[in-house]
Amino acid sequence: MFNAKVKAEVLKNIIEAASPLVNEIKLNIKPDGISFRAVDSAHVAMIDLNLNSKAFEEYKADEMELGIDLDKLNGILRLASPNDTVSLEYDEETHRLIIRIGNLVRKMGLIDTAGMPDPKVPNLNLPSKVILKSNELSQGIKASQAISDHIALLVDANGFELYAEGDTDVVNLRLPKDLLSKLDAPQKCKSLFSIDYFSSMIKPVKDEEVTIFLGNDNPIKLEFDFADKNGHVTYLLAPRIESE
Amino acid sequence: MFNAKVKAEVLKNIIEAASPLVNEIKLNIKPDGISFRAVDSAHVAMIDLNLNSKAFEEYKADEMELGIDLDKLNGILRLASPNDTVSLEYDEETHRLIIRIGNLVRKMGLIDTAGMPDPKVPNLNLPSKVILKSNELSQGIKASQAISDHIALLVDANGFELYAEGDTDVVNLRLPKDLLSKLDAPQKCKSLFSIDYFSSMIKPVKDEEVTIFLGNDNPIKLEFDFADKNGHVTYLLAPRIESE
Amino acid sequence: MFNAKVKAEVLKNIIEAASPLVNEIKLNIKPDGISFRAVDSAHVAMIDLNLNSKAFEEYKADEMELGIDLDKLNGILRLASPNDTVSLEYDEETHRLIIRIGNLVRKMGLIDTAGMPDPKVPNLNLPSKVILKSNELSQGIKASQAISDHIALLVDANGFELYAEGDTDVVNLRLPKDLLSKLDAPQKCKSLFSIDYFSSMIKPVKDEEVTIFLGNDNPIKLEFDFADKNGHVTYLLAPRIESE
């Protein structure tokens, strides 16, 4: 059984977070909330998303898996305003998700989850942690996209830095310690990342705070909350190796 | 003689109503108002539009026909704000329509109406009538477009229903009697229609009420007012036959 | 040395004015302000732009030339809101322009100005002068673009007129003397111009006044201010010769 009601906005947030990486997700339904984990086709980035049942207006669920086509769900949610309540119900007989928005009933076919992987979260040693507003970061990424396809992220005891270099041009965004919400940097860390991927991961954050864990030539871990802190997204992104 | 002044908005409404079906219209000018009737090139849909002279700020006209290129007129009206007064004058000598918007004078060549047909309105027996807000209908159509190219419309004593079915997905919009402005259904009626056509006919309605006449595997008649009820549009749309 | 601070809006105005004609400019920096002059690749139109140092929040400069790629600068300014302060600094060592927006530092490579021409302003005898609001003019140009690729501009003692003629259609915008801010027309003048070029020159004017100097089958000179009258743009546009 899965029977839930939630603001359309919360479902839209989920799609925004997942769709840059994957087209389909295996949604894990449990009595205390929903979650999924997915890896992009190039195996460069991973998303791990949890949404507590408290984010829902109503929530009743047994344990089950639902295979969701994100494009299709997105098209359905476009029929709702962000503040509309969307009702979700799993129809066992027809193996469909019944979605209700106002007087509209939309029965959505589900994907077979048999072949869908359960990615494992790798063990990572990421010594530096920084918490910052996402809008500064977004500006730095937009500036970098014009001149390069990768950025360097650096953390040391004095602050956070984003750096990109093109043939003739340079982008540098330096946020000293006092402009950061939190800085925990026992050592200097630096890693390179694809701008396209990193940009996709920052876009869903809106104007909130984002937590970044960084190592040396190691993946980045990026975390943020949504749905009044009842939802949580963790991204992992593999580093690019500097070519000399 | 044709000499009239009207808010740009009213002319824009006319173009919105006609342009999904035809590129050119034969506008019938009479002392008490203007009208036209047109059938789309596939002979699936008809529009019949009337605009009373009361919709105009000034209106003086003899009986005549003007062949109008809707794209061209639309381009000219884009130069006006909805609330601007547009002056229309027929120039007999050059066979042009002189359109004035502020200090701008635009002389528009007219189309020869000789070859343009005068479609007859077919005799139809459509027993069911329902009046409803167009916005619910629009949402149902948008939802249906994603999964099919046709919809079923149903009316019975309990309410109105829109239904579409794709390979795996279903859309259902049920408006019970108390959500309708009026319901007059002596018998159950059901007909299928092309979504593209039906969508085109709902788009110009904005947030007003629309009256629908429905039969069994019969055309649909759809009516709505504009220009403070001085304008009236009737659409007819042929049914699609269900393939078994 | 070049070290200046200015609202992003002012720099955006410069790019809007120049980019319809050229992709690169040779910016002349002087102690009292900046300026450039450029001719489009077809040698039909010229821009001459001056911006007084008073338009800047801070300004310190020796005489020098900077070769600017306008697309690149435009991309950087998109990172700033119109009201943001942008800091500009010339870095002699690396021959780059260092642009600072908030915490973001963007080092932009400069173009070699060696091959860039210094166009001369031709001697022109343009007897008529008219000052008018640009929005009426814009409407006339938009209307004309739909029916022709050139317009006639006329000035006589009674007013200003814009005229375009297509195969069947005519556009006419007549602004009598009392609708003009100023009219100085010792003789009747008429010249033809390319609509595309003329449209590009009107677009950056926004809702301000524009001064036009006109002759008979002669170029047009078009002038307007920006940045609280601390900036001034002069356009010259060669006439099209009427084919009979």
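Being a predicted model, the structure only gives us computed values, none of them experimental.

1. Details of the overall build of chain A
- A count of helices and strands for chain A gives 4 helices and 18 strands.
- Whereas a compact globule of 244 residues would reach a radius of gyration of roughly 18 Å, chain A reaches 19 Å, a difference of no more than 12%.
- By principal-axis analysis of the C-alpha atoms, chain A measures approximately 60 × 35 × 35 Å.
- Classification of the 244 residues of chain A by burial places 37% in the buried group.
- Pairs at least 24 residues apart make up 68% of the contacts formed inside chain A by residues separated by at least 6 positions.

2. Some words on the relation of the copies chain A and chain B
- For the pair chain A and chain B, the superposition axis carries a translation of 0.1 Å, the fit reaches an RMSD of 0.0 Å, and the rotation angle comes to 120°. The transformation just described matches what one would write down for a three-fold rotation axis.

3. Some words on the interface of chain A and chain B
- Between chain A and chain B, the residue contacts involve 10 residues of the former and 15 residues of the latter.
- Elements that contribute at least two residues to the side of chain A that touches chain B include exactly α2 (70-77) and β9 (104-109) of chain A.
- If one sorts the elements of the side of chain A that touches chain B by residue count, β9 of chain A sits on top with 6 residues.
- Among the residues forming the side of chain A that touches chain B, the class breakdown is 5 nonpolar, 3 polar and 2 charged.

4. A word on the domain arrangement of chain A
Residues and elements named next belong to chain A.
- Considered domain by domain, chain A is made up of domain 1 (2-109) and domain 2 (128-237).
- For domain 1 and domain 2, the distance between their C-alpha centres works out to 28 Å.
- Those elements that provide at least two residues to the side of domain 1 that touches domain 2 are α1 (8-18) and β4 (45-52).
- Of the residues forming the side of domain 1 that touches domain 2, the biggest block, 8 residues, is contributed by β4.

5. Looking at the sheet that holds strand β2 (residues 24-30) of chain B
All names here are of chain B.
- The strand order across the open sheet built from 9 strands is β6-β2-β3-β4-β18-β17-β16-β10-β14, with neighbouring strands paired in antiparallel fashion. Two strands bound the open sheet, and with one partner strand each, they are β6 (64-69) and β14 (182-184). Going from strand to strand, the sheet's axes swing by 20° on average, the running direction of each strand aside.
- Here helix α1 (residues 8-18) sits on the sheet and contacts β2, β3 (33-39), β4 (45-52), β17 (220-226) and β18 (231-237); the angle it forms with β4, its principal contact strand, is near 165°.

6. A few points about the packing of helix α3 (residues 134-145) of chain C against helix α4 (residues 195-202) of chain C
All names here are of chain C.
- Taken N-terminus to C-terminus, the directions of α3 and α4 make an angle of 150°; their axes are 10 Å apart at the nearest point. With respect to each other, α3 and α4 are oriented roughly antiparallel. Where α3 crosses over α4, the two elements pack in a sense that is left-handed. Packed against α3, whose contacting residues are Ser 134, Leu 137, Ser 138, Ile 141, Ser 144 and Gln 145, the element α4 presents Ile 195, Phe 198, Ser 199 and Ile 202 at the interface.

7. Thoughts on the environment of Val 233 of chain A
Residues and elements named next belong to chain A.
- Structurally, Val 233 is set in strand β18 (residues 231-237).
- A C-alpha to C-alpha distance of 9.4 Å links Val 233 and Ala 18, two positions 215 residues apart in sequence.
- Setting aside its immediate chain neighbours within four residues, Val 233 contacts Ala 17, Ile 47, Leu 49, Glu 223, Phe 224 and Phe 226.

8. With respect to the sheet that holds strand β1 (residues 2-7) of chain B
- On the basis of which strands lie adjacent, the open sheet formed by 9 strands has the order β5(B)-β1(B)-β7(B)-β8(B)-β9(B)-β13(C)-β12(C)-β11(C)-β15(C) and antiparallel pairing. For this open sheet the edge positions go to β5 (58-61) of chain B together with β15 (189-194) of chain C, each flanked by a neighbour on one side alone. Going across the sheet, the axis of each strand differs from the next one's by a mean of 20°, ignoring polarity.
- α1 of chain B rests against β1 and β7 (85-91) of chain B of the sheet, and its axis sits at about 95° to β1 of chain B.

9. Description of the interface of chain C and chain A
- Contacts between the two partners involve 10 residues from chain C, matched on the other side by 15 residues from chain A.
- Looking at the side of chain C that touches chain A, the elements with two or more residues in it are α2 (70-77) and β9 (104-109) of chain C.
- Among the elements that line the side of chain C that touches chain A, the one with the most residues is β9 of chain C, at 6 residues.
- Taken together, the residues of the side of chain C that touches chain A sort by class into 5 nonpolar, 3 polar and 2 charged.
- Across 4 bridges, strand β13 (residues 170-176) of chain A lies against β9 of chain C in antiparallel orientation. Of the residues in β9 of chain C, the one forming a bridge with Leu 173 of chain A is Leu 104 of chain C.

10. Here we look at unusual backbone geometry
- Phi is positive for Ala 227 of chain B, which is not a glycine, with a value near 55°.
- Tracing the backbone shows Ala 227 of chain B in the loop between β17 and β18.
- Unusually for a residue other than glycine, Lys 229 of chain C sits at a positive phi of about 65°.
- The residue Lys 229 of chain C is located in the loop between β17 (220-226) and β18 (231-237) in this model.

11. Structural notes on the packing of helix α1 (residues 8-18) of chain C against α2 of chain C
Residue and element names in this part refer to chain C.
- Interaxial distance between α1 and α2 falls to 10 Å at its minimum, and their mutual angle equals 145°. Our pair here, α1 against α2, has a crossing hand that is left-handed. On α2, the residues touching Ala 8, Leu 11, Lys 12, Ile 15 and Ala 18 of α1 are Leu 70, Leu 73, Asn 74 and Leu 77.

12. Quick word on the pairing of β18 of chain B
Residue and element names in this part refer to chain B.
- Counting buried positions over the 7 residues of β18 gives 5, a clear majority of the element.
- Pairing analysis gives 7 bridges linking β4 to β18, with the strands arranged antiparallel. Bridge pairing in β18 links Ile 47 to Tyr 235.
- Looking at chain direction, β17 and β18 are connected through 7 bridges and run antiparallel. The residue of β18 that forms the bridge with Phe 226 is Gly 231.

13. Observations regarding the environment of Pro 219 of chain A
Residue and element names in this part refer to chain A.
- Here Pro 219 is to be found in the loop between β16 (209-214) and β17 (220-226).
- Put simply, Pro 219 and Gln 139 are 80 residues apart on the chain and 22 Å apart in space, counted from C-alpha to C-alpha.
- Setting aside anything within four residues of it in sequence, one finds Pro 219 in contact with Leu 124, Leu 236, Leu 237, Ala 238 and Pro 239.

14. Considerations on the pairing of strand β12 (residues 159-165) of chain B
All names here are of chain B.
- Residues Phe 160, Leu 162 and Ala 164 line the buried face of β12, whereas the alternating positions Gly 159, Glu 161, Tyr 163 and Glu 165 sit on a face that is not buried.
- As judged from the 5 bridges shared by strand β11 (residues 150-156) and β12, these two strands associate in the antiparallel manner. By the bridge assignment, Leu 154 is partnered in β12 with Glu 161.
- With 7 bridges connecting them, β12 and strand β13 (residues 170-176) associate as antiparallel partners. Bridged to Glu 161 within β13 is Arg 174.
- The turn joining β12 and β13, which pair antiparallel and follow one another in sequence, is formed by 4 residues.

15. Quick word on α1 of chain B
- All buried positions along α1 of chain B are accounted for by Leu 11, Asn 13, Ile 14, Ala 17 and Ala 18 of chain B. Within α1 of chain B, the buried residues cover an arc of 150° as seen down the axis, which keeps them to one side.

16. Things to note about the environment of Val 233 of chain C
- Its 23 C-beta neighbours within 10 Å are what place Val 233 of chain C among the buried residues.
- Sequence spacing of Val 233 of chain C and Pro 204 of chain C is 29 residues, and the spatial spacing of their C-alpha atoms is 9.8 Å.

17. Thoughts on the confidence of the model for chain A
- Per-residue confidence for chain A gives a mean pLDDT of 95, with 99% of residues at or over 70.
- The ipTM value of the predicted complex is 0.89, and its pTM value is 0.90.

What counts, and at which threshold
- Residues numbered from 1 in each chain as written.
- Chains lettered and ligands numbered in written order.
- Predicted model: local features only at pLDDT ≥ 70, side-chain atom pairs only at ≥ 80, totals over all residues.
- Helix = DSSP H or I, 4+ residues; strand = E, 2+ residues; numbered from the N terminus.
- Rg over C-alpha atoms; globule rule 2.2 N^0.38 Å.
- Buried ≥ 20, exposed ≤ 12 C-beta atoms within 10 Å, placed from the backbone.
- Contact = placed C-beta atoms within 7 Å.
- Least-squares fit on C-alpha atoms with pLDDT ≥ 70 in both.
- Nonpolar A, V, L, I, M, F, W, Y, C, P; charged D, E, K, R; others polar.
- Domains from an automatic or database assignment.
- Pairing = 2+ DSSP bridges.
- Axes fitted to C-alpha atoms, helices over the stretch in contact; angles between N-to-C directions.
- Parallel < 35°, antiparallel > 145°, perpendicular 65-115°, else oblique.
- Left-handed = near helix turned anticlockwise from the far one by under 90°.
- Arc of directions from axis to C-beta.
- pLDDT = per-residue confidence, 0-100.

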